[in-house]
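Descriptive structure summary
Take a look at the letters that make up each chain.
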Amino acid sequence: EVIFPDSIRDIPIKDIEVYIPSTDSWLEVVGASVLWNIQTKRFNISSKNGEELWSGCVGIGLERLMYSFLAQKGFDIARWPREIRRLYYERKNCL
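Residues numbered from 1 in each chain as written. Predicted model: local features only at pLDDT ≥ 70, side-chain atom pairs only at ≥ 80, totals over all residues. Heavy atoms only, no water.

**Section: the confidence of the model for the chain**
Detailed reading of the predicted model is not advised wherever pLDDT is low. Summary statistics for the chain give a mean pLDDT of 89 and a share of 97% for residues scoring 70 or more. Put simply, helix α1 (residues 38–42) is where the chain has its lowest mean pLDDT, 88, and helix α2 (residues 62–73) is where it has its highest, 96. (pLDDT = per-residue confidence, 0-100. Helix = DSSP H or I, 4+ residues; strand = E, 2+ residues; numbered from the N terminus.)

Here it is in structure tokens:
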């Protein structure tokens, strides 16, 4: 059963967090939420056929992803996963 929120403050946000060993803490790298019809209703947005539309939001922290990768794998390229090393050298040779 879908429970519709009464206000935007009631909308749950789903986060993806990664562990940062050096600080023994977690860092949010992605946040996502489904806003149901709160925004589309507020701005009178509907489909071509007049059907109700829902909206959502996703934020991805590219710098946070890179920071978390380096915090876990370090700057020693030999410690990186094979596929990441391959992509790194492939791009490096293109520059």
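Read on for the rest.
**Let's talk about the packing of aromatic side chains**
Considering all chains together, one arrives at five aromatic pairs under this definition. Relative to Trp54, the ring of Trp36 has its centre 6.2 Å away and its plane inclined at 70°; by these criteria the two rings are edge-to-face. Note that Trp36 is positioned in strand β2 (residues 25–36) and Trp54 in the loop between α1 and β3 (55–60), a separation of 18 residues in sequence. Here Trp36 falls in the buried class, since its relative accessible area comes to 11%. Each member of the aromatic cluster is reached from another via a ring pair, and the members are Phe69, Trp80, Tyr88 and Tyr89. (Phe/Tyr/Trp six-rings, centres within 6.5 Å; stacked < 30°, edge-to-face > 60°. Buried < 20%, exposed > 50% of the residue type's maximum accessible area, 1.4 Å probe, protein only.)

**Section: a nonpolar patch on the surface**
A contiguous nonpolar surface patch, about 400 Å² in accessible area, is contributed by Val58, Ile60, Leu62 and Leu65. Looking at the nonpolar patch, the elements that each hand over two or more residues are β3 and α2. Counting through the fold element by element, Ile60 comes out in strand β3. (Patch = residues over 30% accessible without salt bridge, like charges linked within 9 Å, V, L, I, M, F, W, Y side chains within 5 Å. Areas by Shrake-Rupley, 256 points an atom, 1.4 Å probe, with all protein chains shown as cover. Salt bridge = Lys/Arg side-chain N within 4 Å of Asp/Glu carboxyl O.)

**Comments concerning the side chain of Asn37**
In this structure, Asn37 sits in the loop between β2 and α1. The exposure class of Asn37 is buried, given its relative accessible area of 18%. In this structure, Asn37 is in contact with Arg42, Glu52, Leu53 and Trp54, ignoring residues within four places of it in sequence. (Contact = heavy atoms within 4.5 Å.)

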